[in-house]
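For reference, the chains in residue letters:
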Amino acid sequence: MPSIIRHITFDCAEPHEPYELAEFWGRVLGHPVAPIDEPGDDEVALEVPAGQPTLLFVRGPEKKSLKNRLHLDLEPDTSRDEEVERVSALGATIVDDRRKPNGRGWVVMADPAGNEFCVEGSAAERAVAEREYLAAKEAEAR
């Protein structure tokens, strides 16, 4: 039987604390910090519905020095722009804005510890952009 993904793990180096980073991501994703975890712990997880991998934050010695080799792409239930504003208010920063005038694209952001993630368009926004793209292609073919 194949393996499943249990955790997606973020290393946390000073001055960032695992609990604080877990709280940030908990607010972003709408999942609370696991009730068995507390400030000062070396490992802190989010509590997620059964069957979903959780984010795990683990104290580590090294600071982030390069671009992430792996990152999360978020799909908001609101608009991409509203989500960018919301997570910015929670403490994220914009690293690279790749939004396009036609509604496609994404925004590369960083959490308080510098871990990069992307905010993409919502499913509804992507559906509109795809319909518009296909309609334009169809019009070109005529």
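Because the structure is predicted, anything quoted here is derived from the model rather than measured.

Student: I'm lost on the nonpolar core in this one. Help?
Tutor: Soluble globular proteins tend to pack their nonpolar side chains together in the buried interior. Within the largest apolar cluster, 23 residues are counted, with the highest numbers of intra-cluster contacts made by Trp-25, Phe-57, Met-109 and Phe-117. Every residue in contact with Met-109, bar those within four places of it in the chain, is listed here: Val-84, Val-87, Ser-88, Ala-92, Thr-93, Ile-94, Val-95, Asn-115, Glu-116, Phe-117 and Val-119.

Student: I tried to follow the sheet that holds strand S1 (residues 7–12) on my own but got confused; where do I start?
Tutor: Pairing between sheet strands relies on hydrogen bonds along the backbone, with the strands arranged either parallel or antiparallel. With mixed pairing, the 3 strands of this open sheet are ordered in space as S1-S3-S2. Of all strands in the sheet, those bounded by a partner on one side alone are S1 and strand S2 (43–45). Between one strand and the next, the sheet's axes are offset by a mean angle of 20 degrees, whatever the strand orientation. Strands in contact with helix H1 (residues 18–29) are S1, S2 and strand S3 (54–59); relative to S3, the strand with the most contacts, it is inclined by about 160 degrees.

Student: Teacher, can you tell me more about the pattern of salt bridges here?
Tutor: A side chain with one charge can pair with a side chain of the opposite charge if their charged atoms come near. One pass over the full model with this rule turns up 10 salt bridges. Residues Glu-140 and Lys-137 are paired through a salt bridge, measuring 4.0 Å at the closest nitrogen-oxygen approach. Of the two residues, Glu-140 and Lys-137 are both situated in helix H3 (residues 123–141); the distance of 3 residues between them amounts to about one turn of the helix. When its relative accessible area of 59% is taken as the criterion, Glu-140 is described as exposed. On the accessibility criterion, Lys-137 (40% relative accessible area) is partly exposed. Across the salt bridge formed by Glu-138 and Arg-142, the nearest N and O atoms sit 2.7 Å from each other. Residue class for Glu-138 comes out partly exposed when judged on its relative accessible area of 47%. Look at the salt bridges and you will find they share partners, linking Arg-80, Asp-81, Asp-97 and Arg-99 into a network.

Student: It is not clear to me how unusual backbone geometry should be interpreted in this structure. Could you clarify?
Tutor: Note: most peptide bonds trans; most residues except glycine with negative phi. Glu-14 connects to Pro-15 through a cis peptide bond whose omega is 10 degrees. Along the polypeptide, Pro-15 turns up in the loop between S1 and H1.

Student: Just to check I follow, could you spell out the packing of aromatic side chains for this structure?
Tutor: Aromatic rings in a pair are described by how distant their centres are and how their planes are angled relative to each other. Inspection of the entire model under this criterion finds 4 aromatic pairs. Plain terms: the ring middles of Phe-10 and Trp-25 are 5.7 Å apart, the flat faces sit at 40 degrees to each other, and that makes the pair tilted. Here Phe-10 is found in strand S1, whereas its partner Trp-25 is found in helix H1, with 15 residues between them in sequence. Taken individually, Phe-10 and Trp-25 each receive the classification buried, so the pair is uniform in this respect. Taking 4.9 Å as the distance between ring centres and 70 degrees as the angle between the ring planes, the aromatic pair formed by Trp-25 and Phe-117 counts as edge-to-face. One end of the pair, Trp-25, is in helix H1; the other, Phe-117, is in strand S7 (residues 116–120), and 92 residues separate them in sequence. Three or more aromatic residues joined by ring pairs form one cluster here, namely Phe-10, Phe-24, Trp-25, Phe-57 and Phe-117.

Student: What should I look at first to understand the environment of Arg-104 in this one?
Tutor: As for its position among the elements, Arg-104 is in the loop between strand S5 (93–97) and strand S6 (106–110). Take Arg-104: its relative accessible area is 42%, and that puts it in the partly exposed class. Between the C-alpha atoms of Arg-104 and Asp-37, which are 67 residues apart in sequence, the distance is 39 Å. For Arg-104, the contacting residues outside a window of four places in its chain are Arg-80, Arg-98, Arg-99 and Ala-129.

About the thresholds
Residues numbered from 1 in each chain as written. Predicted model: local features only at pLDDT ≥ 70, side-chain atom pairs only at ≥ 80, totals over all residues. Heavy atoms only, no water. Core = buried A, V, L, I, M, F, W, Y, C linked by side-chain atoms within 4.5 Å. Buried < 20%, exposed > 50% of the residue type's maximum accessible area, 1.4 Å probe, protein only. Contact = heavy atoms within 4.5 Å. Pairing = 2+ DSSP bridges. Helix = DSSP H or I, 4+ residues; strand = E, 2+ residues; numbered from the N terminus. Axes fitted to C-alpha atoms, helices over the stretch in contact; angles between N-to-C directions. Salt bridge = Lys/Arg side-chain N within 4 Å of Asp/Glu carboxyl O. Phe/Tyr/Trp six-rings, centres within 6.5 Å; stacked < 30°, edge-to-face > 60°.

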